[in-house]
Amino acid sequence: MNLPATPLPDFTAPATLRAHIADTMAFYHPRAIDPTGGFFHYFHDDGSVYDASHRHLVSSTRFVFDYAMAAREFADDPLAREYLDAAAHGLRYLRDAHRDAAGGGYAWTLRDGRPEDRTHHAYGVAFVMLAYASARKAGLDTAAWVDETWDLLEARFWDADAGLYRDEADANWNFSDYRGQNANMHMCEALIAAFEAGGEARYLDRALLLADHMTRRQTALAGGLVWEHYDRDWNVDWDYHRDDPKHLFRPWGFQPGHQVEWAKLLVLLHGHLGARSDAPDWLLPTARHLFDIALAHGWDREFGGVVYGFAPESLRQASPARGAPVADVADAATWFCDDDKYFWVQAEAIAAAARLFAATGDTRYRDWYERTWRYAWQHLVDHQHGAWYRILDRRNAKYDDEKSPAGKTDYHTMGACHDVLAVMRATTDFGARA
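If you're wondering where the values come from, they're calculated on a predicted model, not measured in any experiment.

Trainee: Kindly report on the packing of helix H2 (residues 57-73) against helix H3 (residues 79-98), identifying the contributing residues and their values.
Mentor: Relative to each other, H2 and H3 sit at 155°, their axes nearing to 8 Å. Taken together, the axes of H2 and H3 lie roughly antiparallel to each other. As for how H2 packs across H3, the hand of that crossing is left-handed. The residues of H3 that touch H2, namely those facing Leu 57, Ser 60, Thr 61, Val 64, Tyr 67, Ala 68, Ala 70 and Ala 71, are Ala 80, Tyr 83, Leu 84, Ala 86, Ala 87, Gly 90, Leu 91, Tyr 93, Leu 94 and His 98. Along the lines of polarity and charge, the residues of the contact of H2 with H3 split into 14 nonpolar, four polar and no charged.

Trainee: Can you break down the nonpolar core residue by residue, with the values?
Mentor: Leu 269, Phe 291 and Tyr 369 are the most contacted members of the largest nonpolar core, which totals 141 residues. Among the elements that take part in this core, helix H4 (residues 122-137) stands out by supplying twelve residues, more than any other. Apart from residues lying up to four places away in sequence, Phe 291 is in contact with Val 260, Ala 263, Ala 349, Ala 352, Ala 353, Leu 356, Tyr 365 and Trp 368.

Trainee: I'd like a description of the pairing of strand E4 (residues 114-117), backed by residues and values.
Mentor: Working note: regular strand, side chains alternate between the two faces of the sheet. Bridge count for strand E3 (residues 109-111) against E4 is three bridges, and the pairing is antiparallel. Each residue of the ladder has a partner; that of Arg 111, found in E4, is Arg 114. In textbook terms, the turn of a hairpin is the stretch between consecutive antiparallel strands, and for E3 and E4 this stretch comprises two residues, one of which, Asp 112, has a positive phi near 55°.

Trainee: How would you summarise the packing of aromatic side chains if you had to cite specific residues and measurements?
Mentor: What the rule picks out here adds up to 36 aromatic pairs. The interplanar angle of 65° and the centroid separation of 6.1 Å between the aromatic rings of Phe 27 and Phe 43 together place this pair among those described as edge-to-face. Residue Phe 27 is located in helix H1 (residues 14-28), and its partner Phe 43 is located in strand E1 (residues 43-44); the two are separated by 16 residues in the primary sequence. Between Tyr 178 and Tyr 240, the ring centres sit 4.7 Å apart and the planes meet at 40°, which makes this aromatic pair tilted.

Trainee: Provide a residue-level description of the side chain of Thr 109, including the pertinent values.
Mentor: Among the structural elements, Thr 109 can be located in strand E3. At a separation of 3.3 Å, a polar atom in the side chain of Thr 109 contacts the main-chain amide nitrogen of Asp 117. If we skip the residues at most four places from it in the chain, Thr 109 touches His 54, Arg 55, His 56, Arg 114, Pro 115, Glu 116 and Asp 117.

Trainee: Which residues make up H3, and what values go with them?
Mentor: Given a rise of 1.5 Å per residue, 20 residues ought to cover 28 Å, and the 27 Å separating the end C-alpha atoms of H3 matches this to within 8%. Buried residues dominate H3, accounting for 14 of its 20 residues.

Trainee: I'd love a proper account of the environment of Leu 130, names of residues and values included.
Mentor: Tracing the backbone shows Leu 130 in helix H4. A sequence separation of 16 residues divides Leu 130 from Val 146, and the C-alpha atoms of the two residues are 8.5 Å apart. What Leu 130 contacts, discounting residues up to four positions off in sequence, is Phe 65, Glu 189, Ala 190, Ala 193 and Tyr 411.

Trainee: Please provide a residue-by-residue account of a negative patch on the surface, values included.
Mentor: Residues Asp 46, Asp 400, Asp 401 and Glu 402 make up a contiguous surface patch of negative charge. Take Glu 402: it is sitting in strand E15 (residues 402-404).

Cut-offs used in this document
Residues numbered from 1 in each chain as written. Predicted model: local features only at pLDDT ≥ 70, side-chain atom pairs only at ≥ 80, totals over all residues. Heavy atoms only, no water. Axes fitted to C-alpha atoms, helices over the stretch in contact; angles between N-to-C directions. Helix = DSSP H or I, 4+ residues; strand = E, 2+ residues; numbered from the N terminus. Parallel < 35°, antiparallel > 145°, perpendicular 65-115°, else oblique. Left-handed = near helix turned anticlockwise from the far one by under 90°. Contact = heavy atoms within 4.5 Å. Nonpolar A, V, L, I, M, F, W, Y, C, P; charged D, E, K, R; others polar. Core = buried A, V, L, I, M, F, W, Y, C linked by side-chain atoms within 4.5 Å. Buried < 20%, exposed > 50% of the residue type's maximum accessible area, 1.4 Å probe, protein only. Pairing = 2+ DSSP bridges. Phe/Tyr/Trp six-rings, centres within 6.5 Å; stacked < 30°, edge-to-face > 60°. Polar contact = N/O pair within 3.5 Å; in protein donor to acceptor, adjacent residues only side chain to side chain. Expected span 1.5 Å × (residues − 1). Patch = residues over 30% accessible without salt bridge, like charges linked within 9 Å, V, L, I, M, F, W, Y side chains within 5 Å. Areas by Shrake-Rupley, 256 points an atom, 1.4 Å probe, with all protein chains shown as cover. Salt bridge = Lys/Arg side-chain N within 4 Å of Asp/Glu carboxyl O. Lys, Arg positive; Asp, Glu negative; His and termini not counted. Charge placed at Lys NZ, Arg CZ, Asp CG, Glu CD.

Following this line, the structure appears as structure tokens:
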């Protein structure tokens, strides 16, 4: 993508991140609000809506997160009240339209306000919990709904023998044999948020259990990284979606974005558990390992950015020791199975790098933070209309003008800024150079 040069701001300055959140919110607010209920989910680059009647559980919940977090961040701004009202507006739609009051589940998609797909996805319920927890942080009275969601997960999704959540069930709660890491990763995220919102230890303890099982037990079956897909007994399924590596929620291959996202969550757990002197000693080394390998194999040295996926064969060809520099892995591009550049992958790398730098003091992570931001600022941030483009090809060209279809909402991009702001407020030397 040939763009005019855009001046680079100081990415170590809180003002830069706050301004970027505000600019991104300005793309969505107030045009995302559907006065008849919930939010619009499909936006072109210029902000125009291209499907006004369809709703997806992931967007419905992520918009609540966006608005609740913005209300907290800009609490002294006149817009804070509007943001909080919008979060409450989204919660009403989540309760009244998505939720099945009789069965307790949530419709995956809706058309014209009526359920279209009633499949029960743990991935979706994870974002339900995140929405309720984020709203609670912002001051809305959602504590009972957080607890209600915990009960739903315990009754329907929790597999006590595996110590992980089952993935999907039909409308009558018959579960498929598919098991996946993605739902468990976002469940870990939601449980941490629930702990942060209310302080109940069960949420943090469960988040740690998921992290342990996914990033240690399951990675031991897959060459040291988090694989996406498993059978009902949690054996690695190397072939699931091999013919569909670009699947939106269940792609084939190792996903660098999910390795770094787990790294971020492990550092978060280390901080919370350390505060009660209960942090296992494997958390930070595992976080560093996942991040380092992901960037070693996933950074595109020719065109910049982190790719979407790389093949398992790459680990057998070259896998650096923990702490080895990225340059030690030769010909990484040979093993890319999806070389597109997704917005969320770069955002999660930014957040993870910031948290790793703060936790370890290793300046390599600060360098990765700034390097990834520079790439995103040049290629993915829309400096004309606001928000981020969703996906670019390997050479950083857009495929279309659908900036925010169902599932996006810039939850990852603004979430990364909120993450980094939290890091900056907890340390005095984030931008300091030795």
